[in-house]
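Overview (structure and organization)
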Amino acid sequence: FCATNPTQEEVTAAHKQFVTDASKFNSSSLRQDRQEAAFTVSVYWNVLYDQNNPADGNIPDASITQAMRVVNSYYNNIGLYFQVVAVNRYAVPYNTLHGVTMQNDFPIKQAYRKGNSPQILNIYTVG
């Protein structure tokens, strides 16, 4: 969860930069075979979006896949491979999405966390 409230212009600029950076990577340039990695990190991607407006935060699977390709392009060279084992989508009230701060996010993370091993990474994206 992010403790900042970026403007729409900042979000648009960040998205454009992400698309530009992500387009530099393609499947042939990435080490896709996790057998080559010394350690595989299981990833649960938790998408929280506005129950009354699914466009508010309900990111597409293609964006998650591309983000993981970029992450793996950086970490594969040290023997780490991040594998998404599940994408969990949760429709939540608007106030839950937009009222979360770094100071009050623990109950939400605790409620939606998957897996009980410290070797599992939970990623949360919020509308």
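As the structure is a prediction and not an experimental result, all values here were calculated from the model.

With that settled, the discussion passes to helix α2 (residues 61–75). Residue pairs three or four apart in sequence face the same way in an α-helix, which turns once every 3.6 residues. Over its 15 residues, α2 extends 21 Å from the first C-alpha to the last, a length consistent with the 21 Å expected when each residue adds 1.5 Å. For α2, the complete set of buried residues consists of Ile64, Gln66, Ala67, Met68, Val70 and Asn72.

Further remarks concern the pairing of strand β2 (residues 80–92). Taken together, the twelve bridges between strand β1 (residues 39–50) and β2 define a ladder with parallel strand orientation. Of the residues in β2, the one forming a bridge with Ser42 is Gln83. Each parallel crossover has a hand, and for β1 linked through α2 to β2 it is right-handed.

Let's shift gears to the side chain of Thr125. Within the element layout of this structure, Thr125 appears in strand β3 (residues 120–126). The contact partners of Thr125, leaving out residues within four places of it in the chain, are Trp45, Asn46, Val47, Leu48 and Ile59.

To continue, consider the sheet that holds β2. Pairing within the open sheet is parallel, and its three strands lie in the order β2-β1-β3. In this open sheet, the two strands that pair with only one neighbour each are β2 and β3. Strand after strand, the sheet turns through a mean of 20 degrees between neighbouring axes, direction not considered. Strands β1, β2 and β3 of the sheet are contacted by α2, whose axis makes an angle of about 150 degrees with β2.

Criteria and cut-off values
- Residues numbered from 1 in each chain as written.
- Predicted model: local features only at pLDDT ≥ 70, side-chain atom pairs only at ≥ 80, totals over all residues.
- Heavy atoms only, no water.
- Helix = DSSP H or I, 4+ residues; strand = E, 2+ residues; numbered from the N terminus.
- Expected span 1.5 Å × (residues − 1).
- Buried < 20%, exposed > 50% of the residue type's maximum accessible area, 1.4 Å probe, protein only.
- Pairing = 2+ DSSP bridges.
- Right-handed = clockwise from strand over helix to strand, strands pointing away.
- Contact = heavy atoms within 4.5 Å.
- Axes fitted to C-alpha atoms, helices over the stretch in contact; angles between N-to-C directions.

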